Amino acid sequence: MSRTRTARMAALAALALCLTTSVASGYYHFVHYATSDGTYQTVPEKFDLAALPNQTLLYFVSPSGPESLAPGDSFSAILSQIRMAAKAWSAVETSALRFEFGGLSAPDTVQTTPGVDVLFGEVELPPGLIALGGPISRSAPISNGTGSFVPITRSVLVLGKDLSQRPSHTEAFFLTVVHELGHALGLQHTLTSSVMSTEVTRSTTRSKPLAADDAAGISSLYPAPVFARSTGSIAGRITTGGRGVHLASVVALEPAGTAVSTLTDPDGYYRIVGLAPGQYYVYAHPLPPGGQSGLGPADIVLPVDEAGNEVPAGPLFETTFHPGTKTLSEATVVTVHAGEVFEAFDLAVNGRGPLDIYGVTTYSFPGNYAVKPAFINVNGPRRFLVAAGKGLITDNAPSAGLRATVVGGSATVLEDGVKAYPTAPSYLQLDFSFNPVGGEGPRHLTFSLNNDLYVLPAAFHLVRSKPPSIASVTPSVDEQGNATALISGSNLVKSTRILFDGLPAKVASQDETNGDLTVIPPVGSPGHRAVITAVDSDGQNSLFLDGAALRTYTYDDAEVPSISMTPPALPAGSEAMVEITGVNTAFSAGQTIAGFGSSDVSVRRLWVTGPGRLLANVHTSASAQVASVPLTVVTGFQIATQGAALQIQAPVPGGLSIDPDIVNPVTGQPSVYAGGRASAKIAGLPAGLTPAEVNLTIDGMAAEVLAVEEGRVLFVVPEALGTGPAILRVAANGHEAQPVVVEIDPAPPIILSVATRGGIVLGPAWPGRVGSDLYVTVAGMAEPEVVAEPSRVKIELGGVSHAPLSIAPVAGEQDVYVLRFTVGAGVQTGTDVPLTVAVGCRVSAPVLTPIEAAR
Amino acid sequence: MVSRATTAFLLAGLAAAQCATMEYLSPDAMIDQSTAIVRAVVLDSDGRQHGPMVYTHFKLKILEQLKGAAPLEIVVPGGTAGSLRQTFAGAPALVKGSEYLLFLWTGSSGLTHVLGFAQGVYRVSVGAGGEMTAARPASAEVMLDPKTGMQMQDEPVQLRLADLRSRVASRASAKGRAQ
């Protein structure tokens, strides 16, 4: 039985302290140390978000592509995998960094804005080296509002010119790109089973490419405001003989869930950030040796001091759980709460010689192929995994005294279940029994030998069904004449995603009798052959069973697409709308992206107005050099390019420039509607202009200008405008700004009433209560899909954001819904607590609601 | 000659991802694919930018030339050039004044690289009987089997220089006969 120690009081006591104390936090970034008052300050290498438009980092793919491809593979397929890999990093909600396609690279163009280059044969790779990725940084740190950091100026990902042995449809290729892009963003290796882990502990999949450790790593580097609010931290010091241990890996381990880690600074201090609320063990372990003498342990790029000298790792030590035990039943279990920090979670460890166990990799056999990491079906016949690693096997038998234990229940290693794998006795076999009502998901293993302890987070994944398998892919056409594909196979369930190479297909329907899926393929390029993979939410995919028996879909031959763009030139430092016209294109909202191949030109937002027409707002950096850059438009697998599509010209002195992110001045949100007020930021406006001197139109309709102050123009959006993209033009003082596209939204939702479960409308005599359910009746949601997607709706009450538990339409009413939510802890109480409902950026006017504390 | 063991599973399209992804090269492949094999001491190093890459250039003092024309300078990805610093985890680390056995490859760019990243760097030591041996630890990076493209386990390698000389000669001889 675990000795659970609730350290909440200690945490609260330490909370105030931590707000003023800077404890070095390493995670696994590329780190520089600064010293101040005898303590080390961690200075990571990272991109300067303030230097990036919309905090968006662009990546560029070399149009040369690889020279050699695997049979049937294509550049379009490779690009689809790169896009999905980048999307994995961009989708981390607790990270402020957005990472988007910037087009096929503009060759020989000087670029002043940071970016990431994906290269193939441009960088020579010697035999034996397949891929390479890493950041280039300036040596000197800078400081801004987020602290000191060493700015990354550019990053590269080199995939090599020969991909003939690495087909892009494999999970190996996809995860390689995800991992290398992680390095490009500033992350190093971890040993916590994340995508940034070495092969020893990596346990992520195409279905869930990032682990909690990866999300914590990227978010601690580029924190979004929600990061600190929604996660907790554990901090302390690792010592041996009273001295701090440098580069000890400290891990917060949920017994049956995630693992998040960090590295200690030279004084042994650590801070594990990004912990989801929950219960954790905390342990420290030494890093395994590097791949070459002279390299840092685990091939970590060693931190450097202010003089640029590498700071070596501390001594090896025994892996130890807090408060100082190798026995899980004696380990502390910490309850982490959002927004709180446990300080002084110190741990004294004993030094030791070379490690007995490390480098453990697990495999399972759901079919004829080995799967790594191991997935074990608790309902299947093969209730074992096979492991390889240093120290597990001696002379084709388990090393004497070796023990293996599952952390967190659900599975147990059988008493006689540690044995050599008969088929290959240099591997270890572990047999399991399972708790019939146990959960699914990743499970951790501990191995002990000769007083050494090795913890492998997410050593295997428990699942309750077989992997999906695809027997056939049959092209078809639906009633509207659209191309479809019938995916037949086994273990295809409602949550199964169908991928065409790297791109998800939309599921049109599922046959309830046999599970077959009818999907709408992503937009294809002429003759493109896509490999079809079925991916389940539990991490399994159809390659587990189908292996090399690939199922494919070949697109029809068609005319090659082409594009053209106006205007053909823009000055540096401008914001402008461009119109892109396509021939033989199939532009599609949600599938079409565009870029100019230079980090100095970015597409802020893009609107698909037809299969052959796009509108886009384009930003050119003020420091952009005069140059011609190409335009790339990608829709699904269809790639259309226009060489020298845009001429970047010298900046125009005294010109006006409209920031296209116009806001609703009432809510502060970037959502405006016909008849409502809007505020536009316009650079270059001379001081002292009156409203009458500013001419503003939207889609040709004159807008009433209410005020001009501090570089902003306040105006009324013409009431006759419909919803959707509209063109905003501004002229003043003899200058006309480049037009931009603005989105006209539906009017905000209107709160009709707030009532209790019994239908009693809240009032002074009947207030709402913290912890109770409330029912908000709202008109004008304007988005019926919120019923199925309630996450788009947020209810803000008394300073706390709530997600609706349910959204139900009101019978007989048009666009009226009832939202149910539970009043959360932390909501301010009183007679006039403001409540608003937001659908995306459309925020209702507040209603004042009486709320009292929980009884 | 070579103490080495490798094992590979046929994986269902799953493999690891690393800062550097490496292809496993057998000792004979290392011999065959290298353009030079040398025993050398590192004299000096400096970082230079080549397009999107920073390379550290190492000047060598050649002690023994086992194969090919001995280069006086080799490059390793990453390093510091002026105010720019580029880092690649797992890149070979060569220490000034240390002696190495190096498997090298010169590409069309004219730059001479270490073959297979850390796979091509061996530390040289002299045993009690005066016998020279070269050794490298197992790589922590991903290794892919060149035949299957699948991930495999790397293990430490230790070899006697006398055996390596013989092996290089016999491979060269066999290649000559084949031609």
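Note that the structure is a prediction, hence the values are computed from the model and not measured.

In this section: the overall build of chain A. Of regular secondary structure, chain A possesses 6 helices and 67 strands. For 855 residues, the compact-globule estimate of 2.2 N^0.38 gives 29 Å, and the C-alpha radius of gyration of chain A, at 29 Å, lies within 12% of that figure. Reported as C-alpha extents along the three principal axes, the dimensions of chain A are approximately 85 × 70 × 65 Å. For chain A, the residues scored as buried account for 57% of the 855 residues in total.

Turning next to the overall build of chain B. Helices and strands together make up the secondary structure of chain B, namely 2 helices and 15 strands. Across the 179 residues that make up chain B, the buried fraction comes to 55%. Look at the contacts in chain B between residues 6 or more apart in sequence, and 61% of them connect residues 24 or more apart.

Next up on the list: the environment of Ala-69 of chain B. All names here are of chain B. Relative to the helices and strands, Ala-69 resides in the loop between strand E5 (53-67) and strand E6 (73-77). Using a relative accessible area of 63% as the deciding quantity, one classes Ala-69 as exposed. The spatial distance from the C-alpha of Ala-69 to the C-alpha of Ala-36 is 6.0 Å, given a sequence separation of 33 residues. Setting aside chain neighbours within four positions, we find Ala-69 in contact with Thr-35 and Ala-36.

What follows covers the nonpolar core. Grouped together as the largest cluster of nonpolar side chains are 63 residues, with contacts concentrated most on Trp-89, Ile-487 and Phe-500 of chain A. Here Trp-89 of chain A is in contact with Phe-99, Val-178, Leu-181, Gly-182, Leu-185, Leu-187, Val-195, Met-196, Leu-210, Asp-214 and Ile-218 of chain A, once residues within four sequence places are set aside. By size, the runner-up hydrophobic cluster in this structure holds 28 residues, among which are Leu-132 of chain A together with Ala-36, Leu-102 and Leu-104 of chain B.

A few words now on the sheet that holds strand E30 (residues 441-449) of chain A. Residues and elements named next belong to chain A. With mixed pairing, 4 strands are arranged side by side in an open sheet as E23-E31-E30-E27. Each end of this open sheet is capped by a strand with a single partner; those strands are strand E23 (374-377) and strand E27 (403-407). Averaged over all pairs of adjacent strands, the angle between strand axes in this sheet comes to 35°, irrespective of strand direction. Strand direction decides the pairing type here: E30 and strand E31 (residues 452-463), joined by 8 bridges, are antiparallel. What sits directly across from Gly-441, in E31, is Leu-462.

Here we take up the pairing of strand E9 (residues 99-106) of chain B. Residues and elements named next belong to chain B. Most of E9 is tucked away, with 6 of its 8 residues classed as buried. Judged from the 6 bridges that link them, strand E4 (residues 36-50) and E9 form a sheet pairing that is antiparallel. Looking across to E9, one finds that Ala-40 is bridged to Tyr-100. In this structure, E9 lies alongside strand E11 (residues 121-126), joined through 3 bridges in antiparallel fashion. Opposite Leu-101, over in E11, you have Tyr-122 as the bridge partner. Pairing between E9 and strand E10 (residues 112-114): 3 bridges, direction antiparallel.

Residue and element names in this part refer to chain A. Given a rise of 1.5 Å per residue, 15 residues ought to cover 21 Å, and the 21 Å separating the end C-alpha atoms of helix H3 (residues 171-185) matches this to within 8%. Within H3, 15 of the 15 residues are buried, which leaves it mostly tucked inside the rest of the structure. Positive phi shows up at Gly-186, right after H3, with a value of about 120°.

For the rest of this paragraph, the subject is the pairing of strand E33 (residues 483-490) of chain A. Side chains on a regular strand alternate between the two faces of the sheet. Residues and elements named next belong to chain A. Taken together, the 8 bridges between strand E32 (residues 469-477) and E33 define a ladder with antiparallel strand orientation. Across the sheet, the residue bridging to Val-477 is Ala-483, located in E33. If you look at the hairpin formed by E32 and E33, you'll find 5 residues sitting between the two strands, and Gly-481 has a positive phi there, around 85°.

In this section: helix H4 (residues 212-221) of chain A. Two residues of an α-helix separated by three or four positions point the same way, owing to the 3.6 residues in each turn. For H4 of chain A, the tally of buried residues reaches 7 of 10 residues, placing the bulk of the element in the interior. For H4 of chain A, the full list of buried residues reads Asp-213, Asp-214, Ala-216, Gly-217, Ile-218, Ser-219 and Leu-221 of chain A.

Where charged atoms from two side chains of opposite charge come close, those side chains can pair. This model, assessed by the stated rule, comprises 26 salt bridges over all chains. As a salt-bridge pair, Arg-604 of chain A and Glu-575 of chain A come within 2.7 Å of each other at their nearest N and O atoms. A residue pair is termed long-range when its members are at least 10 positions apart, and Arg-604 of chain A in strand E44 (residues 601-610) and Glu-575 of chain A in strand E42 (residues 575-583) qualify at 29 residues. There is no split in this pair, since Arg-604 of chain A and Glu-575 of chain A are both buried. Linked by salt bridges that have partners in common, Asp-28, Asp-32, Arg-167 and Arg-171 of chain B make up one network.

Let us look at the sheet that holds strand E40 (residues 562-566) of chain A. Residues and elements named next belong to chain A. Here 4 strands make up an open sheet; going across it, the order is E40-E42-E45-E44 and the pairing antiparallel. Each of the sheet's edge strands pairs with one partner strand only, and the pair in question is E40 and E44. Across this sheet, the average inter-strand angle for adjacent strands is 25°, counted without regard to direction. Pairing between E44 and strand E45 (residues 613-620): 8 bridges, direction antiparallel. When the bridges of E45 are listed, Trp-607 appears paired with Leu-615.

On to the packing of helix H2 (residues 75-90) of chain A against H3 of chain A. Residues and elements named next belong to chain A. Close contact between H2 and H3 brings their axes to 9 Å; oriented N to C, the two are set at 50°. Relative to H3, the element H2 is oriented oblique. Here the hand of the crossing between H2 and H3 comes out right-handed. Contacts from Ile-78, Gln-81, Ile-82, Met-84, Ala-85, Ala-86 and Trp-89 in H2 reach Phe-173, Phe-174, Val-177, Val-178, Leu-181, Gly-182 and Leu-185 in H3. The residue makeup of the contact of H2 with H3, split by class, is 12 nonpolar, 2 polar and no charged.

Residues and elements named next belong to chain A. Of note, Leu-392 is situated in the loop between strand E24 (384-390) and strand E25 (393-394). Residue Leu-392 is classed as buried on the basis of its relative accessible area, which comes to 1%. With 34 residues separating them in the primary sequence, Leu-392 and Ser-426 have C-alpha atoms 8.8 Å apart. Leu-392 has contacts with Ile-357, Val-360, Ala-387, Ala-397, Pro-398, Ser-399, Leu-402, Leu-428 and Phe-447, leaving out every residue within four places of it along the chain.

All names here are of chain A. Using the criterion set out here, one finds 19 aromatic pairs over all chains in the structure. With a centroid separation of 5.0 Å and 40° between ring planes, the pair formed by Tyr-283 and Phe-321 is classed as tilted. With Tyr-283 in strand E17 (residues 278-285) and Phe-321 in strand E18 (residues 320-321), this residue pair connects regions lying 38 residues apart in the sequence. On the basis of relative accessible area, Tyr-283 is assigned to the buried category, the value being 1%. For Phe-321, a relative accessible area of 1% translates into the label buried. Taken together, the ring pairs connect Phe-500, Tyr-553, Tyr-555 and Phe-637 into an aromatic cluster. Lying over the aromatic face of Phe-149, Lys-46 brings its terminal NZ or CZ to 5.0 Å of the ring centre. Lying across the ring of Phe-174, Arg-206 places its NZ or CZ 4.7 Å from the centre.

For the rest of this paragraph, the subject is the confidence of the model for chain A. Of all residues in chain A, 96% have pLDDT values of 70 or greater, and the mean over the chain is 92. Low pLDDT (under 50) marks residues 1-24 of chain A, which in the prediction has 44 contacts with non-local residues, meaning those over four places away or in another chain.

Right, let's talk about the side chain of Ser-98 of chain B for a bit. All names here are of chain B. Among the secondary structure elements, Ser-98 is positioned in the loop between strand E8 (84-86) and E9. Owing to a relative accessible area of 12%, Ser-98 belongs among the buried residues under this scheme. When neighbours within four sequence positions are excluded, Ser-98 is seen to be in contact with Ala-40, Val-41, Val-42 and Arg-123.

Glancing now at the confidence of the model for chain B. All names here are of chain B. For chain B, per-residue confidence averages 79 on the pLDDT scale, and residues scoring 70 or more make up 75% of the total. Predicted confidence in chain B is weakest over strand E1 (residues 2-3), with a mean pLDDT of 32, and strongest over E5, with 96. Note on residues 1-19: pLDDT under 50 across the span, and 99 contacts to partners over four residues away in sequence or across chains. Segment residues 142-151: pLDDT under 50, and 47 contacts once partners within four positions in sequence are set aside and those in other chains are kept. Scoring of the predicted complex yields 0.90 for pTM and 0.83 for ipTM.

What follows concerns the side chain of Thr-632 of chain A. All names here are of chain A. If you trace the backbone, Thr-632 turns up in strand E46 (residues 627-635). A polar contact is formed between the side chain of Thr-632 and the backbone nitrogen of Leu-104, at a distance of 3.2 Å. Not counting chain neighbours up to four residues away, the residues in contact with Thr-632 comprise Phe-101, Gly-103, Leu-104, Ile-593, Ala-594, Gly-595, Ile-639, Ala-640 and Thr-641.

Along the chain, Tyr-369 of chain A falls in the loop between strand E22 (358-363) and E23. Considering only alpha carbons, one finds Tyr-369 of chain A and Gly-547 of chain A, 178 residues apart in sequence, at a separation of 6.9 Å.

So, how was this worked out
- Residues numbered from 1 in each chain as written.
- Chains lettered and ligands numbered in written order.
- Predicted model: local features only at pLDDT ≥ 70, side-chain atom pairs only at ≥ 80, totals over all residues.
- Heavy atoms only, no water.
- Helix = DSSP H or I, 4+ residues; strand = E, 2+ residues; numbered from the N terminus.
- Rg over C-alpha atoms; globule rule 2.2 N^0.38 Å.
- Buried < 20%, exposed > 50% of the residue type's maximum accessible area, 1.4 Å probe, protein only.
- Contact = heavy atoms within 4.5 Å.
- Core = buried A, V, L, I, M, F, W, Y, C linked by side-chain atoms within 4.5 Å.
- Pairing = 2+ DSSP bridges.
- Axes fitted to C-alpha atoms, helices over the stretch in contact; angles between N-to-C directions.
- Expected span 1.5 Å × (residues − 1).
- Salt bridge = Lys/Arg side-chain N within 4 Å of Asp/Glu carboxyl O.
- Parallel < 35°, antiparallel > 145°, perpendicular 65-115°, else oblique.
- Left-handed = near helix turned anticlockwise from the far one by under 90°.
- Nonpolar A, V, L, I, M, F, W, Y, C, P; charged D, E, K, R; others polar.
- Phe/Tyr/Trp six-rings, centres within 6.5 Å; stacked < 30°, edge-to-face > 60°.
- Lys NZ or Arg CZ within 6 Å of the ring centre and 35° of its normal.
- pLDDT = per-residue confidence, 0-100.
- Polar contact = N/O pair within 3.5 Å; in protein donor to acceptor, adjacent residues only side chain to side chain.

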